[in-house]
Structures are given as C-alpha cells and as structure tokens.
Amino acid sequence: APVEVVVTKEVVVTKEVQVEVEREAFTTPHPILGDLKVRQALSYCTNKADLLKSVYPLISDEARAGLVMNTFIPKTQWAYAGDENIVIYPFDPEKGMALLDEAGWVMDEASGFRAKDGEALSLKFTTTTAAFRQTWAAVFEQQMAACGIRILRLHAPASWWFGSTTGLQRRDYELGAYAWVGETD
C-alpha cells in the first residue's frame, strides 16, 4: 500500500530560554513508558523493515536489512554488544497487542485506540521537519495505530530538537527519532 505523506506545519522557534532541569525529570518514571510491557509492545509493533523501505525505496531488501538497528549503537561500532548479547524484538504486532492487554491497556472500539483507567494510550513522538522524517513518522504512526497506540507527531526545527537548552538536552519528548553521527573512538 502506498505510504500517505502527511504535510505538517513547521514550528518556528522565536525565543530560547535557559531552563534548569530538575533531577525529578531523570528519576520519575513516565506514567505510560515506565511499564516494561508497554515498551516491549512498542518494539513488537514496530516494523523496522517497512520504516526503512519508506525512506530507502530504491535499495535492495538485503541492503535495507543491513541498516536495521536493534540498539542505539550501530553494529559497526566497537561498543556494540553483538546480536547474541541483546534482546531483539521482531515485528510481531499480535505479541505487542497481547502485552498491552496484559498491562491493562484495552482497546476502546469507539476511538480505535487503547485506554486504561479512562486515560488514552497516547504518546508524543518528536523528530525534525526533514521530509524523510515526516515520511518515516507517518509510517510509524500507522504501525502504532494498528496496535491501538495513538501517536501525536511533533516535527520541530533541528535547531530546537538539537538545541543546547531544548529538545533532546532537556528531555522534552516521550518518543523521539534522530540520527547518531558519532565518530569511532
């Protein structure tokens, strides 16, 4: 099925303010993501191959498979633990939905999304305004919706997302996408 590209309105940063990050931001569990079953479900509901295909349609399946990352450390880095030493979550939406059921997030047929104790299973996903990120995010949003997870996309300017007092630095996101362009030690 063709991927629907959703055009979003760009956010314009008009003012940056230095903000002290409270220790609490790093130690208080997130009300949804603090549950291991929810985090595992997100992984099982993510089809990495389709995400890559949405932004790299012209390369072979074999080449795309080489781009799949199962941790934030690329397989080519010396610090990568090796596939045999990590948990790899294959695309298995049925297993993901079963984990959400176990965690108490039940499907609300009226909305098409899951809820628990009257709260919707809704997560903010932040990335940049780059066209390929918008395409990729639209596919991710569809994958999560198929498991009953509502994704609220925020496409922010890279200057905010990677700013020294905003975005990633401030941990001002729930889910996020960015590229690691680090160098080998």
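Analysis parameters
Residues numbered from 1 in each chain as written. Predicted model: local features only at pLDDT ≥ 70, side-chain atom pairs only at ≥ 80, totals over all residues. Heavy atoms only, no water. Helix = DSSP H or I, 4+ residues; strand = E, 2+ residues; numbered from the N terminus. Buried < 20%, exposed > 50% of the residue type's maximum accessible area, 1.4 Å probe, protein only. Areas by Shrake-Rupley, 256 points an atom, 1.4 Å probe, with all protein chains shown as cover. Core = buried A, V, L, I, M, F, W, Y, C linked by side-chain atoms within 4.5 Å. Pairing = 2+ DSSP bridges. Patch = residues over 30% accessible without salt bridge, like charges linked within 9 Å, V, L, I, M, F, W, Y side chains within 5 Å. Salt bridge = Lys/Arg side-chain N within 4 Å of Asp/Glu carboxyl O. Contact = heavy atoms within 4.5 Å. Axes fitted to C-alpha atoms, helices over the stretch in contact; angles between N-to-C directions. Disulfide = S-S within 2.5 Å.

## Describing the overall build of the protein chain
Part 1 of the argument: Counting its secondary structure elements, the protein chain contains eight helices and six strands.
Part 2 of the argument: Starting at the N terminus and walking to the C terminus, you meet the elements of the protein chain as α-α-α-α-α-β-β-β-β-α-β-α-α-β.
Part 3 of the argument: Every one of the 185 residues in the protein chain was classed for burial, and the buried ones make up 33%.
Part 4 of the argument: When the accessible surface of the protein chain is totalled, it reaches about 11800 Å², and 54% of it is carbon and sulfur.

## Concerning unusual backbone geometry
Part 1 of the argument: With a phi angle near 50°, aspartate 117 is a residue other than glycine that sits in the positive phi range.
Part 2 of the argument: Note on placement: aspartate 117 falls in the loop between strand E2 (113–116) and strand E3 (119–120).
Part 3 of the argument: Even without being a glycine, arginine 171 presents a positive backbone phi close to 60°.
Part 4 of the argument: Mapped onto the fold, arginine 171 is located in the loop between helix H8 (167–170) and strand E6 (175–176).
Part 5 of the argument: Arginine 171 gets classed as partly exposed once you look at its relative accessible area, which sits at 42%.

## Topic: the nonpolar core
Part 1 of the argument: Of all hydrophobic cores here, the largest spans 25 residues; its most connected members are Leu123, Ile149, Ile151 and Leu175.
Part 2 of the argument: Looking at this core, the elements with two or more residues in it are helix H2 (36–44), helix H5 (93–102), strand E4 (122–128) and helix H6 (131–146).

## Points about the sheet that holds strand E1 (residues 106–108)
Part 1 of the argument: Here three strands make up an open sheet; going across it, the order is E1-E2-E3 and the pairing antiparallel. Only two strands of the sheet have a single neighbouring strand rather than two, namely E1 and E3.
Part 2 of the argument: In this sheet, E3 lies alongside E2 in antiparallel orientation, the contact comprising two bridges. Counted as the bridge partner of lysine 116 is glutamate 119 from E3.

## Thoughts on a nonpolar patch on the surface
Part 1 of the argument: A cluster of nonpolar side chains, Tyr56, Ile59 and Leu67, forms an exposed patch at the surface whose accessible area comes to about 240 Å².
Part 2 of the argument: Along the polypeptide, isoleucine 59 turns up in the loop between helix H3 (48–55) and helix H4 (61–65).

## Examining the sheet that holds E6
Part 1 of the argument: The strand order E5-E4-E6 describes an open sheet built from three strands, whose pairing is parallel. Here the strands that pair on one side only, and so sit at the sheet edges, are strand E5 (150–156) and E6.
Part 2 of the argument: Strand contacts of H6: E4, E5 and E6, with the helix running at about 170° to E5, the strand carrying the most contacts.

## Focus on the state of the cysteines
Part 1 of the argument: Summed over the entire model, instances satisfying the criterion amount to one disulfide.
Part 2 of the argument: Cysteine 45 shares a disulfide with cysteine 147; S-S distance 2.3 Å. An S-S torsion of about -105° defines the bridge between cysteine 45 and cysteine 147 as left-handed. Residue cysteine 45 is found in the loop between H2 and H3, and its partner cysteine 147 is found in the loop between H6 and E5; the two are separated by 102 residues along the sequence. Pair check on accessibility: cysteine 45 and cysteine 147 agree, each one buried.

None of the figures reported here should be taken as evidence of function without further support.
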